[in-house]
Every structure is written in C-alpha cells, then in structure tokens.
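Here are the chains, one letter per residue:
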Amino acid sequence: TADRILARLPKAIAMFASRACRTSVMIGTALSQREMEALVEKLSQVDSPWTCAHGRPTMRHVANLLPHLWKDERQAAEYIATPTITIAPLTQPDEED
C-alpha cells in the first residue's frame, strides 16, 4: 500500500506540472503593466523562479535599450550634420598682362 502511494506520486507531480504549464503566460502574450507587476511579485515568492516544473526557462533577460538608441541617433545626427566633402569656391586665375 505504501509502495503503491509512492508509485503514484511521480505521476501526480507530472500531472500538476503539466497543468501549471498549460495555464501559464505564453511567450508573445501581451500583458498590461499591472499584470507584469503581479507576475513578478508571484515569481519573487517561488523557491525556484528561473525554470518551470519541466525545466524550461520562465524568464528572459531584458535590457533598457533606450540609452543605446539615443546614442545611435546622436551619432547619426552628427554624421549627417558634418560635411564629408569640402568644396572650394571657384576662383578665376589671375590674368597676367
């Protein structure tokens, strides 16, 4: 009887893990600010928030790209504003008498 209960335990764990993944937020799902904050709050209370029960990653590292984009825009603006070719005015050669 105890052996029978232990044999069913891995199946129950697998079933709960599968159900948890099916109800999770899938990649590409748009979330509101409030939903994102609630999700991060829930993950902060989990012992192992980095992977799901199957070992799949639950998070992606995200960086604030805005400073890099502004830097790129400034460099492009400076490049466009700086002349790359210098054109000398046409002058008439001095006439010798």
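Please read these numbers as outputs of a predicted model, since none were measured by experiment. Residue positions are counted from 1 within each chain, in the order its sequence is given. In view of the model being predicted, local features appear only for residues whose pLDDT reaches at least 70, and side-chain atom pairs are presented and counted only at 80 or more, with totals across whole chains, interfaces and linings using the full set of residues. Remark: hydrogens and water are excluded; side-chain values derive from all non-hydrogen atoms of the structure.

A short note on the overall build of the chain
- In this description a helix means any DSSP run of H or I spanning at least four residues, a strand means any run of E spanning at least two, and both kinds are numbered starting from the N terminus. Helix and strand counts for the chain stand at three helices and zero strands.
- The buried label applies to any residue whose accessible area, calculated with a 1.4 Å probe on protein chains only, is under 20% of its type's maximum; exposed applies above 50%, and partly exposed to all values in between. Sorting the 97 residues of the chain into buried and exposed places 5% on the buried side.
- For every accessible area listed, the method is Shrake-Rupley and the probe measures 1.4 Å; residues are considered covered only by the protein chains on display. Just so you have it, the chain exposes about 10000 Å², and 60% of that area is on carbon and sulfur atoms.

As for the environment of S44
- Here S44 shows up in helix α2 (residues 33–44).
- Counted as a polar contact is a pair of N or O atoms within 3.5 Å, where, for protein atoms, one must be capable of donating a hydrogen and the other of accepting one, and residues adjacent in sequence contribute only when both atoms are in side chains. Within the structure, the side chain of S44 is placed 2.6 Å from the backbone oxygen of E41, a separation counted as a polar contact.

Thoughts on the confidence of the model for the chain
- For every residue, the predictor assigns a confidence score, pLDDT, that lies between 0 and 100. Mean pLDDT for the chain: 76, with 74% of residues reaching 70 or above.
- Per-element mean pLDDT across the chain ranges from 69 in helix α1 (residues 2–22) up to 89 in α2.

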